[in-house]
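Summary of the model geometry
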Amino acid sequence: MDDQLTSVRPMSLADCDRVSEIRIHGWQHAYEGIMPQSYLDGLSIAADAERRRAWLAQGDGSVVNLVAERAGKVLGWAAYGPYRDGEVRTADAELYAIYVDPAHLGAGVGRALLAEAVERCSSYPRMYLWVVRENLSARRFYERAGFRPDGVEEPFEAGGVSVPEVRYVRELSG
């Protein structure tokens, strides 16, 4: 439960398989009953890892991927970078994703990742993120960290079903 036991570092190519496992299992855990089960069941760890390796190898450095580990085992992943307003990058930051191995939820891994991402983005005026409207535990997590919904919603398509997302914001510098 102690955040000091969690170390956060930049993700490497060697982490891709584990990060994809965390991400896919995280989706299947967080979105059960929210997204179509057939969509969740069809998510592939191998395909996700392949895409992740390509993105990491071809990245321009604007997207930062972090992993959280304890005792040498990766337990969580986060990615952040410039806020995307459509295809346009703005002067604000965006938390693109944060996932924790479902077996380690509530143990401080997500808090450590989020704190590190916020700290690294402290020169930006604000940080935005999108969260599935019905994912109440994630919404509570972000609200405890000082994020607030700003009234903007957009649909996310998952398996042919529209899933509403809510935008959250936190002021970082003033």
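Residues numbered from 1 in each chain as written. Predicted model: local features only at pLDDT ≥ 70, side-chain atom pairs only at ≥ 80, totals over all residues. Heavy atoms only, no water.

Observations concerning helix H5 (residues 136-144)
Note the following rule: Type-normalised accessible area, obtained with a 1.4 Å probe on protein chains alone, sets the label of each residue: buried when under 20%, exposed when over 50%, and partly exposed for intermediate values. Helix and strand assignments come from DSSP, with helices taken as H or I runs of at least 4 residues and strands as E runs of at least 2, each series counted from the N terminus. The directions from the helix axis to the C-beta atoms are what the arc is built from.
Within the span of H5, buried status applies to Ala 138, Arg 139, Phe 141 and Tyr 142. Relative to the axis of H5, the buried residues are bounded by an arc of 155° and lie together on one face. In the segment just after H5, Gly 146 is the residue with positive phi, at about 95°.

Brief notes about the nonpolar core
Rules: Buried residues of nine kinds, namely Ala, Val, Leu, Ile, Met, Phe, Trp, Tyr and Cys, make up a nonpolar core once their side-chain atoms join them within 4.5 Å. Any pair of residues with heavy atoms lying within 4.5 Å of one another is described as a contacting pair.
Formed by 25 residues in total, the largest nonpolar core has its most connected members in Leu 95, Ile 98, Leu 114, Met 127, Tyr 142 and Phe 147. Mapped onto this core, the elements with two or more residues apiece are strand E2 (64-70), strand E3 (73-85), strand E4 (88-100), helix H4 (109-120), strand E5 (126-132), H5 and strand E7 (161-171). No other element matches the five residues that H4 contributes to this core. Filtering out sequence-adjacent residues up to four positions away, Met 127 remains in contact with Ala 93, Glu 94, Leu 95, Ala 117, Val 118, Cys 121, Phe 147, Tyr 168, Val 169, Arg 170 and Leu 172. By size, the runner-up hydrophobic cluster in this structure holds 18 residues, among which are Met 11, Ile 22, Tyr 96 and Val 163.

Focus on the environment of Leu 129
Here Leu 129 is to be found in strand E5. Considered as a pair, Leu 129 and Gly 106 are 23 residues apart in the sequence and their alpha carbons are 20 Å apart.

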